[in-house]
Amino acid sequence: MDASEIYILIMIVSLLLIAILFFVVKRKNPEKLTPLASISFAFVLGGILFGDERLIGYSLMGIGIILAIADIYKRSKKKK
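Visitor: Even after reading the chapter, I still don't get the overall build of the protein, so can you show me in this structure?
Guide: When helices and strands are tallied, the protein shows three helices and zero strands. For the protein, the sequential pattern of α-helices and β-strands runs α-α-α. When each of the 80 residues of the protein is scored for burial, the buried share is 10%. Here the contacts in the protein between residues at least 6 apart in sequence split such that 47% fall between residues at least 24 apart. Carbon together with sulfur atoms contributes 73% to the accessible area of the protein, which is approximately 7,400 Å² in total. Considering the protein, the positive charge centre built from 11 side chains and the negative charge centre built from 6 side chains are found 23 Å apart.

Visitor: How should I be thinking about a nonpolar patch on the surface in this particular structure?
Guide: A contiguous nonpolar patch, built from Met-1, Ile-6, Tyr-7, Leu-9, Ile-10, Val-13, Leu-16, Leu-17, Ile-20, Leu-21, Val-24 and Val-25 and spanning about 1,300 Å² of accessible area, is present on the exposed surface. Relative to the assigned elements, Val-25 resides in the loop between helix H1 (3-24) and helix H2 (35-49).

Visitor: Please clarify how H1 should be interpreted in this entry.
Guide: Along an α-helix, residues three or four apart share an orientation, since each turn contains 3.6 residues. For H1, built from 22 residues, the straight-helix expectation of 32 Å at 1.5 Å per residue is met to within 8% by its first-to-last C-alpha distance of 32 Å. When you tally the buried positions in H1, you get zero out of 22 residues, a small fraction of the element.

Visitor: Just checking my understanding: could you explain the side chain of Asp-71 for this structure?
Guide: Examined against the element boundaries, Asp-71 turns out to sit in helix H3 (residues 54-79). Buried and without a salt bridge, Asp-71 has Arg-75 as its closest oppositely charged side chain, separated by 4.1 Å. Apart from the residues lying within four places of it in its own chain, the contact partners of Asp-71 are Thr-34, Leu-36 and Ala-37.

Visitor: Even after reading the chapter, I still don't get the packing of H2 against H3, so can you show me in this structure?
Guide: Geometrically, a packed helix pair is captured by the angle between its two axes and the distance between the axes. For the pair H2 and H3, interaxial distance at closest approach is 7 Å and the crossing angle is 160°. Classified by the interaxial angle, the pair formed by H2 and H3 is roughly antiparallel. Crossing handedness for the pair H2 and H3: left-handed. Side by side, H2 and H3 meet where Leu-36, Ala-37, Ile-39, Ser-40, Phe-43, Val-44, Gly-46, Gly-47 and Ile-48 of the first sit next to Gly-57, Leu-60, Met-61, Ile-63, Gly-64, Ile-65, Leu-67, Ala-68, Ala-70 and Asp-71 of the second. Tallied by class, the residues present in the contact of H2 with H3 amount to 13 nonpolar, five polar and one charged.

Visitor: Would you mind going over H2 with me for this structure?
Guide: With 15 residues, H2 should cover 21 Å at 1.5 Å per step; its first-to-last C-alpha distance of 21 Å lies within 8% of that length. As for H2, its buried residues are in contact with H3.

Calculation notes
Residues numbered from 1 in each chain as written. Predicted model: local features only at pLDDT ≥ 70, side-chain atom pairs only at ≥ 80, totals over all residues. Heavy atoms only, no water. Helix = DSSP H or I, 4+ residues; strand = E, 2+ residues; numbered from the N terminus. Buried < 20%, exposed > 50% of the residue type's maximum accessible area, 1.4 Å probe, protein only. Contact = heavy atoms within 4.5 Å. Areas by Shrake-Rupley, 256 points an atom, 1.4 Å probe, with all protein chains shown as cover. Lys, Arg positive; Asp, Glu negative; His and termini not counted. Charge placed at Lys NZ, Arg CZ, Asp CG, Glu CD. Patch = residues over 30% accessible without salt bridge, like charges linked within 9 Å, V, L, I, M, F, W, Y side chains within 5 Å. Salt bridge = Lys/Arg side-chain N within 4 Å of Asp/Glu carboxyl O. Expected span 1.5 Å × (residues − 1). Axes fitted to C-alpha atoms, helices over the stretch in contact; angles between N-to-C directions. Parallel < 35°, antiparallel > 145°, perpendicular 65-115°, else oblique. Left-handed = near helix turned anticlockwise from the far one by under 90°. Nonpolar A, V, L, I, M, F, W, Y, C, P; charged D, E, K, R; others polar.

Have a look at this one:
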């Protein structure tokens, strides 16, 4: 097997495991996305879409990750 075939096999197996967990584990009260989390998600998607331009793509992904961390921190403070 070639190295690229091994990577593809690993990705297929991991996606299969995620799908199994998604359908097997049912949450009673699924949490909705907060506005900050949805903005973060949009920035990460923008970073993926503009991946050809490294500076723009990585900048958008970085902004999205920073916003996601801020949202996680904000939610953890709210629960206490």
